[in-house]
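# Structural features, examined
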Amino acid sequence: MPNSVRPMIECENLVKIYKTKETEVLALQGLELTVNEGELMAIIGNSGSGKSTFLNMIGGLDRPSAGRLIVDGKDLFKLSDAELVQYKRSTVGFVWQNNARNLLPYLTALENVQTPMLFSSDTKQKRKRAEELLELVGMSHRKNSRLNQLSGGEQQRVAIALALANNPKLLLADEPTGAVDAKTGAYILDVFRRLNEELGLTIVIVTHDPNLARKVNRVVAIRDGKTSAERLMKVDYRDQLGKIGTLSSEETHDEFAILDRAGRLQIPREMLNAIGVADNKVHLSLEDGKIILTAPPSE
């Protein structure tokens, strides 16, 4: 990316600890990540890896325990409760997998999208803005429909319009295609791509969906509360987004392991298993400018 692009999210050594009377859970263990303004990127990881915790941190829904977290130039460690409320209103928009968290079932699509604008006194302007947003996500023809009259994919598109109602700079989506079929999920991602390209909106998506991950420019994998790997879309693949078919992530993205500040990296267990590593030791060697990892010799 050009040097003129500024960071939207900056995480340094981010830690989150959940404490109860009996236990202490380390959800984030020194996460390092920068997301630039205008990026469309996905975060992947197994259940319990810390990806949803990270989304809650940058969304202002939960406070970090330690480290550094800057979003849109705001230090989330230093915000007061009142400032955090304003941050959530003006900086971030959320799209959840569960539409019960996104939408009110007794309102129409148009009325739902207007709810974040309740404090505006200009009724005509609110309606106009809501109609524009529904048009943007391809739902203007269902503006007068209630939730029980809409499919899961249609509800999710209304939820995206709702998340945009207050002109956020950052859109966060937690498993947005988790409750819909593959075809509908592909359409929802196309909506995200259009918002990113036309509005320049920064979008961060947490997902388990491999098809979705293959269609974003950058994929960051989180494992055990740390950034473990990153995939960047191959330049020659960007013009083929409509022809995904059954292409694997290896065909669409180049993958890189991520070094932390101490020079450590995480190696996927499946790779270690493939070379016969059974415990916590590997043989390390430098050959022809390459670092080679092999299983230690049998004793």
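Since the model is a prediction, treat every value here as computed from it, not as a measurement.

Time to look at the overall build of the chain. When helices and strands are counted, the chain shows 10 helices and 13 strands. Of the roughly 16100 Å² of accessible surface on the chain, 50% is carried by carbon and sulfur atoms.

A few words now on the packing of aromatic side chains. Tallied over the entire structure, the rule returns 1 aromatic pair. Ring centres 4.7 Å apart and planes at 0° place the aromatic pair phenylalanine 94 and tryptophan 96 in the stacked group.

A separate point is the sheet that holds strand β1 (residues 7–19). Pairing in this open sheet of 4 strands is antiparallel, and the strands run β2-β1-β4-β5 from one edge to the other. Only two strands of the sheet have a single neighbouring strand rather than two, namely β2 (24–36) and β5 (74–75). Alignment of β1 against β2, held across 10 bridges, turns out to be antiparallel. Bridging from a neighbouring strand, tyrosine 18 pairs with valine 25 of β2. Sheet contacts for helix α1 (residues 51–58): β1, β2 and β4 (66–71); angle to β1, the most-contacted strand, approximately 115°.

It is worth spelling out unusual backbone geometry at this point. Unlike most non-glycine residues, asparagine 167 shows phi in positive territory, near 55°. Tracing the chain through its elements places asparagine 167 in the loop between α6 (152–163) and β7 (170–174). Among the residues examined, asparagine 167 registers a relative accessible area of 52% and is labelled exposed. Non-glycine residue aspartate 224 carries a positive phi angle of around 55°.

So, about the nonpolar core. Ile160, Leu171 and Phe192 are the most contacted members of the largest nonpolar core, which totals 41 residues. Sort the elements by how many residues they give to this core and α6 lands first, with 6 residues. Core analysis: the next-biggest nonpolar cluster, separate from the first, contains 29 residues, Leu14, Val71, Phe94 and Val206 among them.

Take the pattern of salt bridges next. Enumeration according to the criterion identifies 15 salt bridges in this entry. The partner of glutamate 37 in a salt bridge is arginine 6, with the nearest N and O atoms 3.3 Å apart. A residue pair is termed long-range when its members are at least 10 positions apart, and glutamate 37 in the loop between β2 and β3 (40–44) and arginine 6 in the segment before β1 qualify at 31 residues. Take arginine 6: its relative accessible area is 32%, and that puts it in the partly exposed class. The closest approach of N and O atoms between lysine 169 and aspartate 72, which form a salt bridge, is 3.1 Å. Of the two residues, lysine 169 is situated in the loop between α6 and β7 and aspartate 72 in the loop between β4 and β5; the sequence distance between them amounts to 97 residues.

Below, the discussion takes up the environment of glutamine 29. Note that glutamine 29 resides in strand β2. Residues glutamine 29 and threonine 227, 198 residues apart in the sequence, show an inter-C-alpha distance of 9.4 Å. With near-sequence residues (within four places) excluded, glutamine 29 lies in contact with Leu14, Asp224, Gly225 and Lys226. Side-chain polar atoms of glutamine 29 contact the backbone oxygen of aspartate 224, separated by 3.0 Å.

The next point concerns the pairing of β3. Within a regular strand, the side chains alternate between the two sheet faces. Burial analysis of β3 places 5 of its 5 residues in the buried class, the great majority of the element. Of the two faces of β3, the one carrying Leu40, Ala42 and Ile44 and the one carrying Met41 and Ile43 are both buried. With 4 bridges joining them, β3 and strand β8 (residues 202–206) adopt parallel strand pairing. Residue pairing in the sheet places leucine 40 in a bridge with isoleucine 203 of β8. As defined by bridge partners, β3 adjoins strand β9 (residues 218–223) across 4 bridges and the pair is classed as parallel. Each residue of the ladder has a partner; that of alanine 42, found in β9, is valine 219.

Analysis parameters
- Residues numbered from 1 in each chain as written.
- Predicted model: local features only at pLDDT ≥ 70, side-chain atom pairs only at ≥ 80, totals over all residues.
- Heavy atoms only, no water.
- Helix = DSSP H or I, 4+ residues; strand = E, 2+ residues; numbered from the N terminus.
- Areas by Shrake-Rupley, 256 points an atom, 1.4 Å probe, with all protein chains shown as cover.
- Phe/Tyr/Trp six-rings, centres within 6.5 Å; stacked < 30°, edge-to-face > 60°.
- Pairing = 2+ DSSP bridges.
- Contact = heavy atoms within 4.5 Å.
- Axes fitted to C-alpha atoms, helices over the stretch in contact; angles between N-to-C directions.
- Buried < 20%, exposed > 50% of the residue type's maximum accessible area, 1.4 Å probe, protein only.
- Core = buried A, V, L, I, M, F, W, Y, C linked by side-chain atoms within 4.5 Å.
- Salt bridge = Lys/Arg side-chain N within 4 Å of Asp/Glu carboxyl O.
- Polar contact = N/O pair within 3.5 Å; in protein donor to acceptor, adjacent residues only side chain to side chain.

Fair warning: the whole summary comes from geometry, so function is off the table for now.
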